[in-house]
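Topology and contacts: notes
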Amino acid sequence: MIRNLFLLAVAGLISGCMTVGRDYQTQDAGLPSRHRDASTHVSRAPPQIDRWWTLFRDPVLNRLVERALLQNLDLVAADARIQQSRALARSALANRLPNAQGTGFANVQRDSREASGNPSLASGDSYTLYSGQLDASWELDLFGGLRRAQNAASRDLDADSANRAATQVSLVAEIADTYVRLRALQERLAQARATVAAQQDAVSLSRSRFQAGLVSELDVAQAEALLADFRAVMPGLQTDIQDRRNQIAQLVGTIPSGVVTDLQPFRIIPATPGVPGIGVPSDLLRRRPDIIQTERRVAAASERIGQQMAEYFPKISLLGTLGLQARDAAALFSGSAGLVSAGPSIQWRLLDFARIDAEVARSEGVEKERLALYRAAILTAMKEVDTGLVRLRGGIQEQSVRARSVAAQVRARDIARDQYTRGLTQLLPVLDAQRRVNDAQDALIRAREARATAAIALFKALGGGWSI
């Protein structure tokens, strides 16, 4: 027994000495030293964006995100996939360890005359055979196939964890984007109501001047027509607001009525924060979970090439059995009832090399495919960051110009209304001025919305919000 234990220990040491296939090497991303469109309004320091949505300083948005991180069903499904991958990784580790199985039975038997080769030999009476035994086996991983399988399962677990993180990044960004668009719609609706009220004053003014005989009824008809145009916009805005509420409820993981308390009260578009820093392009490899996920898939595919290559070599296992067997239950635990069996077992697919060739070739094809997807993910990330920087810069500039336009249009409308009141001009310039004010105000709201959504897209492109 001591000798057998010694041999098992030596075999365990030998089993880790050779691993076929090449070891995985981290891929060179070939990234540039800086982002092409990085500008002076963002720093080169690594951004602190783990909880980037809090930079908008909107308590309602914060509550919605926190609820979604607990309730969203896509995250629940991603957690379930991680649980599955973790179980597969444990199973792959267990395959490298010795295993044992105990069995026991009591069978009623009767020997066959024919099976003995002598039909004239008495078979004897029926008897009960009692047996209990422990079977043990250990596959010696001489060529690293089991180790490669374990490594591949571990890389898949890493990839599924990164996939969960990528789902979280997309979820938070979608909630923030939808929330900003909802608040923009609410602002546009409030602005439409204010415009309707202002136009009602214009209708009253034109009607009083018509009744005084100062203008024709045409002025009244034109003023009422423009009022109807302004009112016609409101139902569509209300429908879009409800649609955004429903979308947010789905993302949070609740029914539409579950977000009414937060979203019913009017709030303006949250102020767009500055981006703390975008870092160098190589930071994306560490921050963006979708890139991490695809890189881990490449690593898993590389390990499976070695796993398949190990099939070219023999598989050697150590087998052993310890047991008890007797016809009398009382004698089952006597010294003469014991049985022992031990020895090696070998399996070798000697005539199956063509199939192994195909399996190795397929594994190499999978690795090439995943490597291409990894490089594509890097290119996509670079594009999204550069596009986000351009959109954010453009949004800042547009908002500034739109704000000046609103101020100018309001001043022009007030002048036109004053001149109309004093009888120095016709009503049509007043109506045109009011329409231009409405358009300018609506464009300013849209510009603020575009700036905020551009910042959200940039935070998402930078891979923020998942390390929590």
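Residues numbered from 1 in each chain as written. Predicted model: local features only at pLDDT ≥ 70, side-chain atom pairs only at ≥ 80, totals over all residues. Heavy atoms only, no water.

Quick notes on the packing of helix 9 (residues 353–421) against helix 10 (residues 427–461)
Across the interface, helix 9 lies against helix 10 with an axial gap of 7 Å and an inter-helix angle of 160 degrees. Compared by their axis directions, helix 9 and helix 10 come out roughly antiparallel. In this structure, helix 9 crosses over helix 10, and the sense of that crossing is left-handed. A per-class count over the contact of helix 9 with helix 10 returns 25 nonpolar, eight polar and nine charged. (Axes fitted to C-alpha atoms, helices over the stretch in contact; angles between N-to-C directions. Helix = DSSP H or I, 4+ residues; strand = E, 2+ residues; numbered from the N terminus. Parallel < 35°, antiparallel > 145°, perpendicular 65-115°, else oblique. Left-handed = near helix turned anticlockwise from the far one by under 90°. Nonpolar A, V, L, I, M, F, W, Y, C, P; charged D, E, K, R; others polar.)

Some details on the sheet that holds strand 2 (residues 127–140)
Two strands in a sheet stick together by hydrogen bonds in their backbones, pointing the same way (parallel) or opposite ways (antiparallel). Strand order in the open sheet formed by four strands is 1-2-3-4, with antiparallel pairing between adjacent strands. For this open sheet the edge positions go to strand 1 (99–109) and strand 4 (338–347), each flanked by a neighbour on one side alone. Looking at each pair of strands side by side, their axes are set apart by 20 degrees on average, direction ignored. The sheet contact formed by strand 1 and strand 2 spans 11 bridges and is antiparallel. When the bridges of strand 2 are listed, Ala106 appears paired with Tyr130. (Pairing = 2+ DSSP bridges.)

Some remarks on the confidence of the model for the chain
Reading predicted coordinates in detail is not appropriate for stretches of low pLDDT. The predicted model of the chain has a mean per-residue pLDDT of 85, with 86% of residues at 70 or higher. The secondary-structure element of the chain with the lowest mean pLDDT is helix 1 (residues 2–14), recorded at 49, while helix 2 (residues 59–71) shows the highest, at 95. Counting contacts from residues 40–46, a segment whose pLDDT is below 50, to residues more than four positions away or on other chains yields 18 contacts. (pLDDT = per-residue confidence, 0-100. Contact = heavy atoms within 4.5 Å.)

So, the pattern of salt bridges
With the rule as written, the count across this model stands at 30 salt bridges. A salt bridge links Arg288 to Glu384; its shortest N-O distance comes to 2.8 Å. With Arg288 in the loop between helix 7 (283–287) and helix 8 (289–309) and Glu384 in helix 9, this residue pair connects regions lying 96 residues apart in the sequence. For Glu384, a relative accessible area of 30% gives the class partly exposed. One salt bridge connects Glu398 with Arg402, and the closest N-O pair in it is separated by 3.4 Å. Pair noted here: Glu398 and Arg402 are both in helix 9, with a separation of four residues, about one helical turn. Linked by salt bridges that have partners in common, Glu311, Lys315, Arg349, Asp352, Arg355 and Glu359 make up one network. (Salt bridge = Lys/Arg side-chain N within 4 Å of Asp/Glu carboxyl O. Buried < 20%, exposed > 50% of the residue type's maximum accessible area, 1.4 Å probe, protein only.)

Thoughts on the layout of surface pockets
Here the second largest pocket defines a volume of roughly 170 Å³. Residue lining of the second largest pocket: 14 residues in total, with Glu139, Gly145, Leu146, Ala310 and Lys315 positioned closest to the centre. For the lining of the second largest pocket, the secondary-structure elements that each account for two or more residues are strand 2 and helix 4 (145–211). The element that contributes the greatest number of residues to the lining of the second largest pocket is helix 4, accounting for three residues. Considered class by class, the residues forming the lining of the second largest pocket number seven nonpolar, three polar and four charged. (1 Å grid on protein atoms, 1.4 Å probe; cavity = no way out; pocket = protein on both sides within 12 Å on 5 of 7 lines; lining within 4 Å. Points joined across faces, edges and corners; volume = space filled by probe spheres on them.)

Remarks on helix 10
Because each turn of an α-helix spans 3.6 residues, side chains separated by three or four positions in sequence point in the same direction. Taking 1.5 Å as the rise per residue, helix 10 with 35 residues should run 51 Å; its terminal C-alpha atoms sit 51 Å apart, in good agreement. Where helix 10 terminates, the next one or two residues include Gly463, which has phi positive at roughly 80 degrees. (Expected span 1.5 Å × (residues − 1).)

Digging into the packing of helix 5 (residues 217–252) against helix 10
It is the contact of helix 5 with helix 10, at a shortest axis distance of 10 Å, that shows an interaxial angle of 10 degrees. Taken together, the axis directions place helix 5 and helix 10 in an arrangement best described as roughly parallel. Contact with helix 5, carried on its side by Asp219, Gln222, Ala223, Leu226 and Phe230, involves Leu427, Leu428, Leu431, Gln434, Arg435 and Asn438 of helix 10 and no other residues of that element. Classifying every residue of the contact of helix 5 with helix 10 gives six nonpolar, three polar and two charged.

What about the pairing of strand 4?
The side chains of a regular strand alternate, residue by residue, between the two faces of the sheet. Sparse coverage of strand 4 is indicated by the burial of zero of its 10 residues. Bridge count between strand 3 (residues 315–326) and strand 4: 10 bridges; the pairing is antiparallel. Note on strand 4: the bridge partner recorded for Ile316 is Ile346.

A few points about the nonpolar core
Ranked by internal contacts, the top residues of the largest apolar core, which has 69 residues, are Trp52, Leu61, Leu64, Ile175 and Leu263. Looking at this core, the elements with two or more residues in it are helix 2, helix 4, helix 5, helix 8, helix 9 and helix 10. When residues of this core are assigned to their parent elements, the largest contribution, 14 residues, is made by helix 4. Counting six residues, the second largest nonpolar core, distinct from the first, contains Val20, Leu140, Leu142 and Phe143. (Core = buried A, V, L, I, M, F, W, Y, C linked by side-chain atoms within 4.5 Å.)

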